Amino acid sequence: MSELYVENPLEFWCNNYGLSSADVVFLGVPFDGTSTGRVGSREAPNAIRAASYNLETYNAYTKKDLKDLKMTDLGNVMTCPGDTDESLKRIEKTVRDIREKFPVIVGGEHIITLPVIKALVKEHPNLTVLQFDAHLDLKDEYLGNKYSHVTVMRRISELLGKGKVIQVGCRSFSPDEKEYAKKNTVLKTPENLLNYDIKGPVYVSIDMDVFDPSVAPGVSTPAPGGMIPEEFFDLLREIGKRMEVVGFDVVETCPPHDDSDMTSILSAEVVKETLLAFR
Ligand SMILES: [Mn+2]
C-alpha cells in the first residue's frame, strides 16, 4: 500500500511505538472534580495534544529531538465525574500497570498526583517529589474534604515522610500551611533549588500556575509573581543533569479560561522540554 498522508491529532506528537516497545508513556487524566477555583482542567489533556502539533520536536540547547524517544500516547484514564474516590482508584491502577515505564501524566487538576505517587512508590520506595507550584497544597482538609487539589501535597508528604516533598515557586498559602511546611517539607526558590542535593529517584510535579499569569493565564487558580518560561527551562536542564528523574506530571491547565490557547501551547512545550531534559 502507498503511504497514507494522515495523522491523529488526538495523540501527543510522537513517533508512536505502542505500549510494549515504548519506554516513555504519555497518559491523560481528565479530572477536575475537586477544583476550588475555575473549573475545566478536565479539557486539558486533549487541548495539550492539539497544541503539540505546533511544536518543533528538536531542541537547540540539548540537541535532542522528541522523534528519537521511544514514546507512546496511551490515551486518557476513564475518570468518573463526581466520584473522586473511584477516579483516584482508576488512576492508581492504570499507573501501576505502566510503573516500569517513564510516565508523563497530563491532568487534570493536582489531586491526580496522589494516586500516581501511590502507584510509583511501589517501584521506587525512596521517592522524592519535586513540586513546582504557586501554592503549597498543604491544607489538611478543605470544607471537610481530605482529598482535594489544595490538600494533595499534605497527603503525599504523609505518605513519603519528612523531607521527601521539595516545593519550588510557592507564593500563595496560609499560615497553617507554612507551619506544616517548616516541619515536614523543603521550601526552595527557583534560585536556590540547585544548592540542595536530592538523592535517589525524583518525580517532578509541575502545576502550571507556577508560571506568571502573564505567560500562563489559563489555569484554575492564577497567582501573580511567578516564573517565566526561559527561567523554568534553564532550571529543568540543570535538574536533568543532576537528578535521577523517574517521571513527571503537568497539571492545572484550564482551557476554558485560556486566551488564544497560550497556556495549552506552553503546557505542550513544558512536556517536550521536560522530556528532553530528563530522557
Ligand atoms: Mn497545585
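Residues numbered from 1 in each chain as written. Predicted model: local features only at pLDDT ≥ 70, side-chain atom pairs only at ≥ 80, totals over all residues. Heavy atoms only, no water.

(A) Representation of unusual backbone geometry in the model. With an omega of 15°, the peptide bond between Gly107 and Gly108 qualifies as cis. Positionally, Gly108 belongs in the loop between strand E5 (102-107) and helix H3 (113-120). Phi is positive for Lys63, close to 55°, though the residue is something other than glycine. Judged by relative accessible area, which is 62%, Lys63 ranks as exposed. (Helix = DSSP H or I, 4+ residues; strand = E, 2+ residues; numbered from the N terminus. Buried < 20%, exposed > 50% of the residue type's maximum accessible area, 1.4 Å probe, protein only.)

(B) Spatial organisation of the coordination of the manganese ion. The manganese ion binds to the protein through His110 (ND1), Asp133 (OD), Asp137 (OD) and Asp207 (OD), with metal-donor distances spanning 2.1 to 2.3 Å. The exposure class of His110 is buried, given its relative accessible area of 0%. For Asp207, a relative accessible area of 2% corresponds to the buried category. (Donors = N, O, S within 2.8 Å, 3.2 Å for Na, K, Ca; no water.)

(C) Inspection of the pattern of salt bridges at higher detail. Counted by the stated rule, this structure contains 21 salt bridges. The salt bridge involving Asp23 is made with Arg279; its shortest N-O contact spans 3.9 Å. Of the two residues, Asp23 sits in the segment before strand E1 (24-29) while Arg279 sits in the segment after helix H7 (262-278), which places them 256 residues apart along the sequence. Assessed through its relative accessible area of 36%, Arg279 is described here as partly exposed. The shortest N-O distance in the salt bridge between Arg154 and Glu158 comes to 3.7 Å. Taken together, the residues Arg154 and Glu158, both in helix H4 (residues 152-160) and four residues apart, mark about one turn of the helix. Residues joined in a network through salt bridges with shared partners are Asp140, Lys146, Arg154, Arg155 and Glu158. (Salt bridge = Lys/Arg side-chain N within 4 Å of Asp/Glu carboxyl O.)

(D) Structural context of the packing of H3 against H4. Following both chains from N to C, one finds H3 and H4 inclined at 15°, their axes separated by 9 Å at the closest point. By the angle between their directions, the pair H3 and H4 is classed as roughly parallel. Crossing angle aside, the handedness with which H3 passes H4 is right-handed. Of the residues in H4, those in contact with Thr113, Leu114, Ile117 and Lys118 of H3 are Val152, Met153, Arg155, Ile156, Leu159 and Leu160. (Axes fitted to C-alpha atoms, helices over the stretch in contact; angles between N-to-C directions. Parallel < 35°, antiparallel > 145°, perpendicular 65-115°, else oblique. Left-handed = near helix turned anticlockwise from the far one by under 90°. Contact = heavy atoms within 4.5 Å.)

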